[in-house]
Each structure stands twice: as C-alpha cells, then as structure tokens.
Amino acid sequence: IGKCYLNRSSKTFKPKKNIPEGSHQYELLKHAEATLGSGNLRMAVMLPEGEDLNEWVAVNTVDFFNQINMLYGTITDFCTEESCPVMSAGPKYEYHWADGTNIKKPVKCSAPKYIDYLMTWVQDQLDDETLFPSKIGVPFKRNFITVAKTILKRLFRVYAHIYHQHFDSVMQLQEEAHLNTSFKHFIFFVQEFNLIDRKELAPLQELIEKLTTKDR
C-alpha cells in the first residue's frame, strides 16, 4: 500500500495557474500567504487596506483553484467512473453540468467527468485576460464579481464531493488537515464578501458550522 501513496501530494489535476512574479497581484498573494501564516483566518481574508476588492477576489480565486486542483489531484485514483457514476455530495445533492456556451442544457455525468468539465471551465475563465487582467492598470469588467461568484460556487462543489464521497481516502493519505484548512479558508473568504448563497452551501452546512463557530 505504501508505494502507491508516495509523492501523491505533488500531483495536480490541471496545470497550476501562476500569478506573474513582480506584479501587484503577486504582492497581494504574498500578503495573503503571510497573513494566513498568522493562523487567524478571519483576519487573513479581510480586504487589505487601500486595495481593490476585484483584485483581492481575483487573486484569492486563483489561489483556491490551485488548492482544489492539488487536493483533487491526490484522490483522482479513487474518483472513477465506477466509484462515482454521478457527481454528488451525499445522497441529497446531485450536480448536472452546463456551462451556458458549449453545454447549454445540464447533462448528468460521472463525478470525474463533471470535475474535469468544471476545472477546465474555471481555467478558461482565469486565462481570459478580459475577465482576469494580470497587467497593471487594466480594469476589471463591471460584472467581474458575478463571474467570480459562479466560479467559487462551482469550486465549492468539488470540496463537497471530496468530503462526502472520498473523506476515507483523504484520511488514508493523511491529507485531512490540509483539506480542512483549505476549506475553512475558502469558507471564511466567501462569507467575508458574501460570494456564495447559503442554499448552495447546504451540502456541507454542518461542517461549515463546526469549522466556523470556534472562530467567532
């Protein structure tokens, strides 16, 4: 058993999205990492003084994409067409994929297929310079926060699937502390800026309450 778990954590599901070094967004990312190191997640997610909300949301959205990418990458061997024929988060929640352009009508598909669609779609949004401008002085579109909300809502579903269907594998790989910290950071962030509707968070509501009550 030991062998197949070697170097699992270095695998990502999709290529990592890098923020260009030397850019203002890179500085913001470094600020986020430094404040995260303090251990106070409520403080770490707050908009730094004098910064632009769109830019802060953009940097953190890229960061969450990279984190989820890595976390899902560690369990892809366990999330298969056979083990997960539908994209679900427990018995009550099932997700069907539609992106509004290539697939307009929601389609029922396996979890690995759904997550592949989802992460590819997110990657396309992050790579779109008109949506996520990386150059200084290029403004964000007016509807940027709406786009970010859709991305974060969809990324949440990957966390929900991992927790409901693959937590045993996560524990076997001893990745649960990493998963919990990442998810807690994600939840504090979306709560701070009201980025995901409460009803969308329902599949993990108990866990969210457990992770957030300690820090009130």
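Below, the structure is looked at part by part. (Residues numbered from 1 in each chain as written. Predicted model: local features only at pLDDT ≥ 70, side-chain atom pairs only at ≥ 80, totals over all residues. Heavy atoms only, no water.)

Comments concerning the overall build of the protein chain
Piece 1. The helix and strand tally for the protein chain stands at 7 helices and 2 strands.
Piece 2. When the helices and strands of the protein chain are read in sequence order from the N terminus, they spell out α-α-α-β-β-α-α-α-α.
Piece 3. For the protein chain, whose C-alpha radius of gyration is 17 Å, the value lies close to the compact-globule estimate of 17 Å for 216 residues.
Piece 4. Projecting the C-alpha coordinates of the protein chain onto the three principal axes gives extents of approximately 50 × 40 × 35 Å.
Piece 5. Of the roughly 11400 Å² that the protein chain leaves accessible, carbon and sulfur atoms contribute 51%.
Piece 6. Side chains of the protein chain carry 26 positive and 27 negative charges; the gap between the two charge centres is 5 Å. (Helix = DSSP H or I, 4+ residues; strand = E, 2+ residues; numbered from the N terminus. Rg over C-alpha atoms; globule rule 2.2 N^0.38 Å. Areas by Shrake-Rupley, 256 points an atom, 1.4 Å probe, with all protein chains shown as cover. Lys, Arg positive; Asp, Glu negative; His and termini not counted. Charge placed at Lys NZ, Arg CZ, Asp CG, Glu CD.)

As for the pattern of salt bridges
Piece 1. By the definition in use, this model includes 4 salt bridges.
Piece 2. As a salt-bridge pair, E209 and R198 come within 3.9 Å of each other at their nearest N and O atoms. With E209 in helix α7 (residues 205–213) and R198 in the loop between α6 (176–192) and α7, the pair connects residues that are 11 residues apart, well separated along the chain.
Piece 3. For E209, a relative accessible area of 37% puts it in the partly exposed group.
Piece 4. The class of R198 is exposed, set by a relative accessible area of 60%. (Salt bridge = Lys/Arg side-chain N within 4 Å of Asp/Glu carboxyl O. Buried < 20%, exposed > 50% of the residue type's maximum accessible area, 1.4 Å probe, protein only.)

Some details on the nonpolar core
Piece 1. Ranked by size, the top nonpolar core spans 66 residues in total, and within it L155, F156, Y159, F183, F186 and L204 carry the most contacts.
Piece 2. Mapped by element, the contributors of at least two residues to this core are α1 (24–37), α3 (53–75), α4 (111–127), α5 (144–172), α6 and α7.
Piece 3. Tallying contributions element by element places α5 first for this core, with 13 residues.
Piece 4. The residues touching F186, leaving out its near neighbours within four places in the chain, are F64, L152, L155, F156, Y159 and I196. (Core = buried A, V, L, I, M, F, W, Y, C linked by side-chain atoms within 4.5 Å. Contact = heavy atoms within 4.5 Å.)

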